[in-house]
Amino acid sequence: MGLVESGKTPKSLQTLLNMSRKYSLWVYQWGLACCALEMGAAFASPRYDVMRLGVIPLPASPRQADMVVVSGTVTDKMAPAIRRLYEQMPDPKYVISMGSCANCGGPYWDSYSVTKGVDQIIPVDVYVPGCPPRPEALLEGIVMLQERIQNEDMQERWVGEPIVVGS
Amino acid sequence: MTTQIPDLSEQEQLRYISQQAADARVNVEIETEGMTLNLGPQHPATHGTLRIIAKLDGEQVVAAEPVMGYMHRGYEKLAEVRTYPQVTTLVNRIDWVGSFANETPFILAAEKLMEVEAPPRAQYIRTILHEMSRIANVILGIGDMGVQVGAVTPIFFAFRDREYVLNQIEAVTGGRFHPNFDRIGGLKDDLPAGWIQNTKNAMEKVRDFCDQIEELMYGNEIFQARTRGIGIIPKDVGLAYGLSGVNIRGSGVDWDVRRDNMSPGLVYDQVDWKVWTHPDGDSYSRMWVRLQEVREGTKIVDQLLDQIPSGPIMAKVPRIIKVPAGEAYVETENPLGVMGYYVVSKGDLNPYRVKIRSASFNNVSITPWLLKGVYVPDIITILGSLYFILGDIDR
């Protein structure tokens with residue numbers, strides 16, 4: 001009869017675990033369209049440096065990543081590749097959908113070749129609206145995701161509702 | 001989940017067999033087996049989602065095939081169900097790094113059909129914003145080239161100084177990326193107070209960036225070793241593939257739509273500027289012409305800022321825009337090359353047909369020719385020096 005068998009961790013240990021998880025997020029950048037540039041501005045520019053939040057945007061492969069930022073228009077041709085690489089990420093994994101296109105199709109809502117929202121393919125944790133969202137909006141999305149990770153009970157993952165930044 | 005294998009036609013079967021044969025071919029001299037390298041669709045060197053299938057023999061590329069369409073959003077079809085002002089919103093997102101430049105040719109084509117001309121003040125501001133979007137675009141291309149050859153500092157510098165230009169675009173249009181500011185017959189708003197002086201300061205910073213990057217990157221031995229004499233495009237081949245913009249000027253062709261075939265509505269003839277070319281045609285010369293182009297752009301902006309006339313910014317245009325029946329083609333020199341819109345109108349609220357000629361599609365179509373015989377690391381630098389945007393290829 002141990003903690004492992006009962007599936008529960010003491011609260012203090014869980015707080016420590018969650019805190020270390022939230023400040024060492026390795027982000028896999030899925031840059032697709034215009035939003036990729038704003039993601040680049042948030043991740044690689046001196047003005048909106050994301051590493052001060054404890055986010056490392058440089059994993060070499062999705063197998064090393066904790067989180068993926070899908071930024072830009074998801075087309076029907078691209079969708080299988082996204083699904084495939086999401087499946088390669090180790091659990092626990094998180095998804096930020098950045099921009100109107102990844103959220104719901106955006107300005108291409110009536111296009112014949114665009115997937116209307118990446119949440120049709122993979123579960124999304126945080127939606128960041130905007131066309132494209134400013135880098136500050138993406139940073140706020142990351143901070144909200146970190147809050148969620150801090151309060152997360154590992155047993156009850158995926159129960160929570162997705163977050164919408166700015167609502 | 002099981003994948004269903006579709007019935008192959010005879011031709012497809014033959015193609016499959018020949019591909020397998022190419023994979024299995026053995027180089028007798030040094031006993032290497034052929035292999036297929038799949039670059040992309042998600043690769044930092046491809047500026048988005050271009051996929052390159054390269055057949056290798058050892059370290060050398062035997063054949064390379066670009067696969068596009070991962071970013072196809074159907075602009076030409078969508079434009080048929082949007083009204084003219086709505087199309088501007090849409091076409092902003094074709095070349096997403098220099099957005100304002102995408103609007104200009106479409107608006108000019110619509111103005112040509114309606115026989116409206118923007119007031120002089122609007123023409124000047126339009127040209128300034130067109131040049132500023134070129135600066136914002138090409139700066140990033142230069143910084144990105146640094147990443148392709150293994151130096152990360154240039155991209156930090158590029159993002160830092162690009163923000164100054166974006167701030168100015170945002171101050172006048174309200175959007176960092178997608179201004180949607182151009183209107184048929186003029187512009188949406190006038191300039192805010194103090195904008196002219198702030199823009200001059202920003203241009204000064206861009207020139208500083210150019211000097212800095214010239215010493216840091218262009219003078220670097222590694223950069224020169226990776227780009228000099230690699231990816232050479234001869235003049236005639238480049239013209240045959242329909243290259244345009246910097247990629248053809250880097251091969252020594254002195255051709256610039258801004259100077260040679262300027263459409264009315266832009267005021268490039270009012271300023272003193274130069275078209276830069278480089279005779280070599282390799283990766284280095286393309287990047288060198290890009291750098292000079294940024295410098296020249298800042299000069300154009302500075303001169304235009306001094307000469308902006310006063311007056312209205314909007315011509316007399318009906319509130320509900322109906323474009324009379326007819327056809328018009330207008331092309332401008334965009335950051336990536338020549339971009340043109342062929343607009344067919346039947347007198348309705350929305351265009352009957354819009355054909356978009358975007359520069360990157362032609363610029364990338366040369367890759368099978370260009371990548372044949374190069375080594376694997378050079379694929380990255382050649383793609384970086386061609387500098388394409390995926391939205392501009394697939395549309």
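Residues numbered from 1 in each chain as written. Chains lettered and ligands numbered in written order. Predicted model: local features only at pLDDT ≥ 70, side-chain atom pairs only at ≥ 80, totals over all residues. Heavy atoms only, no water.

A. Representation of the overall build of chain A. When its secondary structure is counted, chain A shows 6 helices and 6 strands. Of the regular secondary structure in chain A, the N- to C-terminal order runs α-α-β-α-β-β-α-β-α-β-α-β. Among the 167 residues that make up chain A, the fraction classed as buried is 54%. Residue pairs in contact within chain A that sit at least 24 positions apart in sequence constitute 78% of those at least 6 positions apart. (Helix = DSSP H or I, 4+ residues; strand = E, 2+ residues; numbered from the N terminus. Buried < 20%, exposed > 50% of the residue type's maximum accessible area, 1.4 Å probe, protein only. Contact = heavy atoms within 4.5 Å.)

B. Quick peek at helix α3 (residues 84–91) of chain B. Looking only at α3(B), the buried set comprises B:Tyr84, B:Val87, B:Thr88, B:Leu90 and B:Val91. Taken end-on, α3(B) shows its buried residues confined to a sector of 165°, consistent with a single buried face. (Arc of directions from axis to C-beta.)

C. Structural detail: the environment of B:Gly238. All names here are of chain B. Locating glycine 238 in the fold gives a position in helix α9 (residues 235–240). Take glycine 238: its relative accessible area is 0%, and that puts it in the buried class. In this structure the C-alpha to C-alpha distance between glycine 238 and histidine 278, which are 40 residues apart in sequence, comes to 14 Å. In this view, glycine 238 contacts Ile233, Leu243, Ile248 and Ile366; residues no more than four positions away in its chain are not counted.

D. Representation of the packing of helix α3 (residues 34–44) of chain A against helix α6 (residues 153–173) of chain B in the model. At a closest axis distance of 10 Å, the pairing of α3(A) and α6(B) adopts a crossing angle of 110°. Regarding the angle of α3(A) to α6(B), the classification is roughly perpendicular. Considering only the axes of α3(A) and α6(B), their crossing is left-handed. In this structure, α3(A) uses A:Leu37, A:Gly40, A:Ala41 and A:Ala44 to contact α6(B), whose residues at the interface are B:Phe156, B:Phe159, B:Arg162 and B:Glu163. A per-class count over the contact of α3(A) with α6(B) returns 5 nonpolar, 1 polar and 2 charged. (Axes fitted to C-alpha atoms, helices over the stretch in contact; angles between N-to-C directions. Parallel < 35°, antiparallel > 145°, perpendicular 65-115°, else oblique. Left-handed = near helix turned anticlockwise from the far one by under 90°. Nonpolar A, V, L, I, M, F, W, Y, C, P; charged D, E, K, R; others polar.)

E. Quick peek at the sheet that holds strand β8 (residues 337–345) of chain B. Residue and element names in this part refer to chain B. Taken together, the 3 strands give an open sheet; going across it, the order is β7-β8-β9, and neighbouring strands pair in antiparallel fashion. Two strands bound the open sheet, and with one partner strand each, they are β7 (326–334) and β9 (353–357). Along the sheet, successive strands turn relative to each other by an average axial angle of 10°, direction set aside. (Pairing = 2+ DSSP bridges.)

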